[in-house]
Amino acid sequence: MSRTIAKFLSKNRKLILITFDILVEIIVYVVPWILIQGYADLHLYYPLLISSCFFFICCFEIAYGLMGMYDSLWRYAEVVEFFRLVVASAIAVAIFIVGSLFIFEERRISLSMYLLSAMFATSVTLYSRLTYRMYRNTKFKKRGRPARRVMVIGAGEAAATLLHEQNKNPDADMNIICVVDDAPEKVGRYIMGVQILGTTTQIPELVEQCEIETIVMAIPTVDEKNRKRILQLCAKTKCNLRILPNLRQMMSDGGELTSRIRDVRVEDLLGRETVELSGLSHSMVSGKVVLVTGGGGSIGSELCRQIAAFHPRRLIIVDIYENNAYSIQQELFRAYNHNLDLEVLIASVRDSKKMDKLFDRIRPDIVFHAAAHKHVPLMEYSPEEAVKNNIFGTLNVAAAASKYGAARFVLISSDKAVNPTNVMGATKRVCEMVVQAMAQQSKTAFVAVRFGNVLGSNGSVLPLFKQQIEAGGPLTVTHPEIVRYFMTIPEAVSLVLEAAAMGDGGDVFVLDMGEPVKIVELAENLIKLAGFIPYDDIKIEFTGLRPGEKLYEELLMDEEGLRQTDNQKIFIGSPLLLNQDEFSKQLVALKETAYANDSNKLMQQLQELVPTFHHEPNKVED
């Protein structure tokens with residue numbers, strides 16, 4: 001029954017609204033006559049009352065119709081609609097009063113009577129629509145479960161847009177209680193009816209005072225330093241933290257603002273500016289045959305995504321792990337609807353004959369070498385496997401790239417290659433030396449890209465912490481003072497592509513990664529972002545440094561030097577001059593030892609190859 005009524009009202013909305021206005025106009029026009037003239041003498045004015053009332057209704061209905069008053073959805077009405085109503089009423093009043101002077105020449109009623117009736121009709125019409133709009137919004141807000149109490153950070157354009165949309169189309173899960181802003185002069189004032197209660201430094205106190213459950217950061221243009229400061233203040237509370245998107249991006253993407261608010265991610269707390277690229281990457285990759293080894297891994301798969309967006313002539317993914325390779329293959333098929341010339345091959349970079357045959361057939365223009373063993377503790381116990389895969393896998397791919405005329409070869413390296421204290425870092429340093437040696441004798445431009453830890457990559461600390469939080473803790477941190485540099489996967493890959501476009505040969509590119517982050521603080525922030533209290537709801541345990549692990553990472557060796565590129569966030573370490581003959585002999589001996597699986601001798605040879613490799617024998621842990 002209720003649905004039938006609702007359907008009828010919706011279908012006949014315009015007719016019902018016109019009928020309502022006519023009834024209101026009749027009532028508000030007649031009432032002043034009765035109040036002023038009295039019931040006794042009212043019969044004397046019946047003809048004038050009826051004729052003037054008819055003219056009154058005609059003036060208002062024509063003005064309202066021309067001004068589109070019956071085309072608006074009043075439940076969503078804003079200032080513009082109400083202003084148009086006032087203008088339409090003013091026009092109707094003016095026409096009625098002027099017309100009455102000529103139509104009712106023998107009038108026995110003063111002009112003030114007409115003016116009073118007209119103003120009364122305007123007020124009632126306006127307030128009836130305003131009341132309807134407020135009723136609809138109030139009724140909507142009362143539905144469902146109680147809305148979460150929300151604090152908005154920022155009293156600028158973004159916050160005003162959010163509050164405006166919340167008033168126009170309320171989100172049932174949001175009850176905006178207060179606003180904070182860093183401008184002291186705004187404190188105590190109101191924005192869209194919500195009071196600015198304090199500055200960002202008062203966030204913890206105001207959260208407790210106002211019983212806030214959710215904090216929305218509505219300053220999309222804030223610099224990274226202040227973003228980190230504000231979010232760290234928010235992290236001191238138990239609130240769910242959310243961020244408003246950039247308004248220009250939101251407008252270009254479309255959609256309601258409240259639906260685009262996202263949860264705070266741990267990378268928002270790092271306080272780093274995104275790497276800005278020059279655009280060289282697109283021109284370098286477009287129309288070229290590109291091969292990515294390790295293309296199913298965290299870095300390799302993101303490389304494939306970004307390369308595919310640059311429209312290569314052909315993209316070849318090589319990986320030994322079929323599940324990862326299949327996953328990125330299907331993702332790219334879905335994204336490009338088979339409009340991408342993509343080939344996925346299961347192969348090991350250790351197999352030199354396979355690599356030679358593969359390069360002979362494909363003849364890639366650009367090679368990104370991301371295949372490697374990277375887990376530090378595991379490689380400590382299997383150093384020969386790290387050497388086979390990392391060093392000689394790199395040598396196999398690099399030799400094939402040079403032999404078959406690839407224009408560029410880019411090695412994905414690591415900050416652990418600098419003054420390494422573990423096998424993985426030492427093998428990565430030798431990989432860089434292989435690239436620099438190849439650059440001295442090949443027409444192919446060989447470069448290496450060195451960066452720190454990548455948030456969310458396979459085996460990184462972030463997924464581990466999230467799993468531990470889901471399990472109820474504890475979070476395991478090796479040492480309270482351990483620090484690491486971090487970047488996001490897209491940033492890391494963007495740097496790789498930029499380096500590939502810049503490199504002349506033999507260069508090691510390094511990203512300015514900002515300030516290092518203490519792992520224990522990262523763990524604490526993750527716990528807070530999950531809505532828990534560190535050390536209370538979820539414990540943090542210190543397990544001691546793992547085999548081969550050091551307290552801090554370095555990004556550049558002292559002897560390499562450093563020079564600026566056109567990109568302010570990217571630097572180049574000068575290439576080292578190597579004795580080719582001596583280096584080749586050392587590699588031959590290292591390979592024999594690795595395939596003989598003589599770990600002790602292998603470690604000695606690695607230390608001879610990398611004089612900065614300082615390694616202590618490890619005790620196998622349970």
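Residues numbered from 1 in each chain as written. Predicted model: local features only at pLDDT ≥ 70, side-chain atom pairs only at ≥ 80, totals over all residues. Heavy atoms only, no water.

Draft legend 1. How the structure looks around the pattern of salt bridges. On inspection of all chains with the given rule, the structure shows 12 salt bridges. Of the charged contacts in the structure, one is a salt bridge between E302 and R305, with a shortest N-O distance of 3.1 Å. One end of the pair, E302, and the other, R305, are both in helix α12 (residues 298–309), three residues apart, so they sit about a helical turn from each other. For E302, a relative accessible area of 12% gives the class buried. For R305, a relative accessible area of 29% gives the class partly exposed. A salt bridge links E385 to K388; its shortest N-O distance comes to 3.1 Å. Pair noted here: E385 and K388 are both in helix α16 (residues 383–403), with a separation of three residues, about one helical turn. The partly exposed category is assigned to E385, whose relative accessible area is 24%. Of the residues examined, K388 reaches a relative accessible area of 7% and is grouped as buried. Here the salt bridges do not stand alone but share partners, grouping E302, R305 and E331 into one network. (Salt bridge = Lys/Arg side-chain N within 4 Å of Asp/Glu carboxyl O. Helix = DSSP H or I, 4+ residues; strand = E, 2+ residues; numbered from the N terminus. Buried < 20%, exposed > 50% of the residue type's maximum accessible area, 1.4 Å probe, protein only.)

Draft legend 2. Quick peek at the sheet that holds strand β22 (residues 570–573). The sheet built from nine strands is open, its strands ordered β10-β9-β8-β11-β12-β13-β18-β22-β21 with mixed pairing. A strand with exactly one partner marks an edge of an open sheet, and here the two such strands are β10 (342–346) and β21 (563–564). Pairing analysis gives five bridges linking strand β9 (residues 314–319) to β10, with the strands arranged parallel. Looking at the pairing, I316 lines up with E343 of β10. Packing against the sheet, helix α13 (residues 322–336) makes contact with β9 and β10, and its axis sits at approximately 175° to β10. (Pairing = 2+ DSSP bridges. Contact = heavy atoms within 4.5 Å. Axes fitted to C-alpha atoms, helices over the stretch in contact; angles between N-to-C directions.)

Draft legend 3. Focus on the packing of helix α17 (residues 423–439) against helix α22 (residues 599–609). One can describe the packing of α17 onto α22 by two numbers: an axis separation of 10 Å at closest approach and a directional angle of 50°. With respect to α22, the axis of α17 lies oblique. Note on packing geometry: the crossing formed by α17 with α22 is left-handed. Each of V423, V430 and M433 in α17 lies in contact with α22, whose residues at this interface are M603, L606 and L609. (Parallel < 35°, antiparallel > 145°, perpendicular 65-115°, else oblique. Left-handed = near helix turned anticlockwise from the far one by under 90°.)

Draft legend 4. Summary view of the nonpolar core. Of all hydrophobic cores here, the largest spans 51 residues; its most connected members are F359, I391, F409 and V430. Take this core: its biggest share by element is 11 residues, from α17. Sequence-distant contacts of F409, defined by excluding residues within four places in its chain, comprise V367, H369, T394, V397, A398, A401, V435, T444, A445, F446 and V447. One finds I328, A370, A499 and A501 within the second-largest nonpolar core, a separate group that totals 40 residues. (Core = buried A, V, L, I, M, F, W, Y, C linked by side-chain atoms within 4.5 Å.)

Draft legend 5. Spatial organisation of the side chain of N389. One can find N389 in helix α16. Residue N389 is classed as buried on the basis of its relative accessible area of 10%. Setting aside residues no more than four positions away along its own chain, N389 makes contact with V349, R350, A372, H373 and T394.

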